[in-house]
Amino acid sequence: MSKIFNILIFIFTTSFAQDISVQWLTKAERTNYQETSRYEETLGFCKQLEKASHWVKLTSIGKSGEGRDIPLMIVSKDKIFNPAKAYRSSKTVILIQNGIHSGEIDGKDACLMLVRDLVILKKSQHLLDNTILLILPIYNVDGHERFGPYNRINQNGPKEMGWRTNATNLNLNRDYMKADAPETRAFLKMFTTWLPDFFIDTHITNGADYQYSITYSIDHYDNVSPSVRTWIEEKFLKSILPKMEEKGYPLVPYVWLHDNKDLSKGMSGGVAPPRLSNAYTPLQNRPGLLVEMHMLKDYRTRVTALYQFLFAILEFFETDATSLKRAVRIADEKTINVLENPFPIRFENTQKTDTILFLGYKAVIESSEVSGSDWIRWTDEPNNVKMPFFNDVKVKQSIDVPYAYLIPPQWKNVIEVLQMHGIGIEKLKQPVEVDVELYRFKDAKWQEKPYEGRHPVTYKAEKFSEKKKYSAGTVLVRLNQRTAKVAIHLLEPEASDALAAWGFFDAVFEQKEYVEAYVAEKLSREMMAKDPNLKKEFEERIKTDSTFAKSPNARLNFFYQRSPYWDNQLNLYPVARVMSEQKFVAEPIK
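All of these numbers come straight from a predicted model, not from anything done at the bench.

### Here we look at the pairing of strand 12 (residues 374-390)
Thought 1: Examined bridge by bridge, strand 8 (residues 267-268) and strand 12 share two bridges and lie parallel to one another. In the sheet register, Met267 faces strand 12, and the bridge partner there is Phe389.
Thought 2: Inspection of the sheet shows strand 11 (residues 354-367) paired to strand 12 by 13 bridges, in the antiparallel sense. Each bridged residue has a counterpart across the sheet, and for Ser367 the counterpart in strand 12 is Asp374.

### Description of the pattern of salt bridges
Thought 1: For the structure shown, the criterion picks out 41 salt bridges.
Thought 2: Note that Glu104 and Arg164 form a salt bridge whose closest N and O atoms lie 3.2 Å from each other. Taken together, the residues span a long stretch of sequence, with Glu104 in the loop between strand 3 (92-97) and helix 5 (106-119) and Arg164 in the loop between helix 6 (141-144) and helix 7 (182-194) at a distance of 60 residues.
Thought 3: Classification of Glu104 as buried rests on a relative accessible area of 3%.
Thought 4: Take Arg164: its relative accessible area is 32%, and that puts it in the partly exposed class.
Thought 5: Taking the shortest distance from any N to any O, the salt bridge between Arg541 and Asp545 comes out at 3.3 Å.
Thought 6: The network of salt bridges with common partners includes Lys27, Arg30, Glu35 and Glu41.

### Quick look at the sheet that holds strand 5 (residues 198-204)
Two orientations exist for strands paired in a sheet by backbone hydrogen bonds: parallel and antiparallel.
Thought 1: Across the sheet, eight strands lie side by side as 1-2-4-3-5-9-6-7; this open sheet has mixed pairing. Each end of this open sheet is capped by a strand with a single partner; those strands are strand 1 (56-63) and strand 7 (251-253). Strand-to-strand twist of the sheet, defined as the mean angle between neighbouring strand axes without regard to direction, takes the value 25°.
Thought 2: Bridge count between strand 3 and strand 4 (residues 131-136): six bridges; the pairing is parallel.

### Thoughts on the layout of surface pockets
Thought 1: There is about 1,200 Å³ of room inside the largest pocket.
Thought 2: Around the largest pocket, the lining is made up of 46 residues, and of these Ser217, Tyr254, Trp256, Ser268 and Leu290 lie nearest the centre.
Thought 3: The set of elements that each furnish at least two residues to the lining of the largest pocket consists of strand 5, strand 6 (214-218), helix 8 (226-246), strand 9 (288-293), strand 10 (343-349) and strand 11.
Thought 4: In this model, the second largest pocket occupies a volume close to 390 Å³.
Thought 5: At five residues, strand 10 tops the list of elements feeding residues into the lining of the second largest pocket.
Thought 6: The residue inventory of the lining of the second largest pocket, partitioned by class, reads 15 nonpolar, five polar and seven charged.

### Things to note about helix 10 (residues 299-319)
Thought 1: Along its 21 residues, helix 10 runs 30 Å from first to last C-alpha, staying within 8% of the 30 Å computed at 1.5 Å per residue.
Thought 2: Structurally, the start of helix 10 carries an N-cap: the backbone nitrogen of Arg300 is 3.1 Å from a side-chain oxygen of Asp298.

### Side note on the side chain of Glu29
Thought 1: Within the secondary structure, Glu29 is located in helix 2 (residues 27-30).
Thought 2: Overall, the relative accessible area of 1% leaves Glu29 in the buried class.
Thought 3: Within the local environment of Glu29, its side chain forms a polar contact with the side chain of Arg116, the two groups lying 2.9 Å apart.

### Quick look at the side chain of Ser213
Thought 1: With respect to the secondary-structure elements, Ser213 resides in the loop between strand 5 and strand 6.
Thought 2: Among residues more than four places away in sequence, those in contact with Ser213 are Tyr249, Glu292, Met293, His294, Lys297, Thr301 and Ala305.

### A look at unusual backbone geometry
Thought 1: Of note, the bond from Gly157 into Pro158 is cis; its omega dihedral lies within 30 degrees of zero at 0°.
Thought 2: Within the element layout of this structure, Pro158 appears in the loop between helix 6 and helix 7.
Thought 3: The peptide bond linking Asn341 to Pro342 adopts the cis configuration, its omega dihedral lying at 5°.
Thought 4: Along the polypeptide, Pro342 turns up in the loop between helix 11 (323-337) and strand 10.
Thought 5: A positive phi angle, close to 55°, is found at Asn32, a residue other than glycine.
Thought 6: With a phi angle near 65°, Asn169 is a residue other than glycine that sits in the positive phi range.

### Observations concerning the environment of Lys27
Thought 1: Looking at the element boundaries, Lys27 is found in helix 2.
Thought 2: When its relative accessible area of 18% is taken as the criterion, Lys27 is described as buried.
Thought 3: Counting along the chain gives 429 residues from Lys27 to Pro456, while the straight-line C-alpha distance between them is 42 Å.
Thought 4: With residues up to four places along the chain from it excluded, the contact list for Lys27 reads Glu35, Thr36, Ser37 and Glu41.

Scoring rules and cut-offs
- Residues numbered from 1 in each chain as written.
- Predicted model: local features only at pLDDT ≥ 70, side-chain atom pairs only at ≥ 80, totals over all residues.
- Heavy atoms only, no water.
- Pairing = 2+ DSSP bridges.
- Helix = DSSP H or I, 4+ residues; strand = E, 2+ residues; numbered from the N terminus.
- Salt bridge = Lys/Arg side-chain N within 4 Å of Asp/Glu carboxyl O.
- Buried < 20%, exposed > 50% of the residue type's maximum accessible area, 1.4 Å probe, protein only.
- Axes fitted to C-alpha atoms, helices over the stretch in contact; angles between N-to-C directions.
- 1 Å grid on protein atoms, 1.4 Å probe; cavity = no way out; pocket = protein on both sides within 12 Å on 5 of 7 lines; lining within 4 Å.
- Points joined across faces, edges and corners; volume = space filled by probe spheres on them.
- Nonpolar A, V, L, I, M, F, W, Y, C, P; charged D, E, K, R; others polar.
- Expected span 1.5 Å × (residues − 1).
- Polar contact = N/O pair within 3.5 Å; in protein donor to acceptor, adjacent residues only side chain to side chain.
- Contact = heavy atoms within 4.5 Å.

Printed below as a string of structure tokens:
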């Protein structure tokens, strides 16, 4: 008991300028940052905040796979707990997501402390004058309760923590587009209802050792709307970077070293695929800030540093309460009215670099008798190195923006995913015949090992045009809407996180009818007799393609594929692109 008392006295004298009762200490604070609270204890603390303050409302965004509520804490000084009212207000709505990887749980404790200080201690309560906070204390609640001391081998504390994935072993930070997990579906419903202006996702790194407690990533490339990109570069980063430097927490972009044994080779930035949180929200025209605390710093240092970062962000929005809301509104309007065309769907880094001063540590490289290779051991001696930063990005692939997409109604899983993302869809009330662009796939190959519960497929997509009839009930996705960018990335098959690439259309690759060899032998002779050019093409193929020439099946299939018996829907992507504006008779699907 005396040990606990001594810990509390230490906390009181080092962490707080004023007295605070034990009931308002988090589990991390009560244990001198050795432990973090479990799910029920975390919920209890949130409920305690709600009961004590009219500025706090605790709700749930939905259920996890194991049936736990996923808590959402809404903090509003004006008691604006309704998303529609928040959207109409002048206040900036900030969403902070913690514990998507529940072993990386610093954000939970930092946020509990932050809300406590704002609404109970009334410390800097003016920071809520122009801001509404949405806080997911624990997003991956099932992973959080896979609790143990051995879940994060690279991480320095707390003593026990949760697990990286959800209960079905899915990494929720790879699921934002395909939305397989119930947690993701709950998140998307909440996100598209509230439409927060600013998104923060808190994590802890793996990787190298260095002096920084915090690294960050926020996309400000061509995947971000111009108005939002300008806000990030000219407003947010120019303010927050020096502010954190003043606080004693210098920031550096997310550390992705080319060679952690040789810092002079530099590190890379770039555009991530939108399956990741901070790359997904830009498709919704909202900036996404990824915060990565450094794994080798102790838990107290990490939580305190993150608290200071979140506090600095609130300070920024207190001094600039309107510019972001204006930027996202402009981005939304532009997406609805004048979407960039051609529209980029893939990016790549160039070889152009900036030079940054990187605050690292000196390392010793030793030969290992265990691995048979060199291994790196960092010292605590600072090593400040000017290094190249490969952070210049160019468009790798773009598409001509269609007016709309048409989707046959039987592809219900696809339609459901579109709705989860807040994409407005309609259904045709009467049949139409319309000129469309279609894709046909070839050279499809599936990944042998599963990735996030699926076997992703790669293919080549060849475009062609035709006039085609579509029945009543066909789903219509117009692109004159705020979520047009999300729709493009889901439905364009060559986008990095296209639903086709995730396997939502795998059935189109399956041949269902076959020809018997004795039938094909007869058919081939009849076809060559009727078409001398076909005979010539076949004979030329035999001369020039030895693999084809040696395969009886390939030779017979040559004729089957060119016959009227061939399945013309095989490898055909069923989603059509309507390139010019049409007067469809349609009604919204809710």
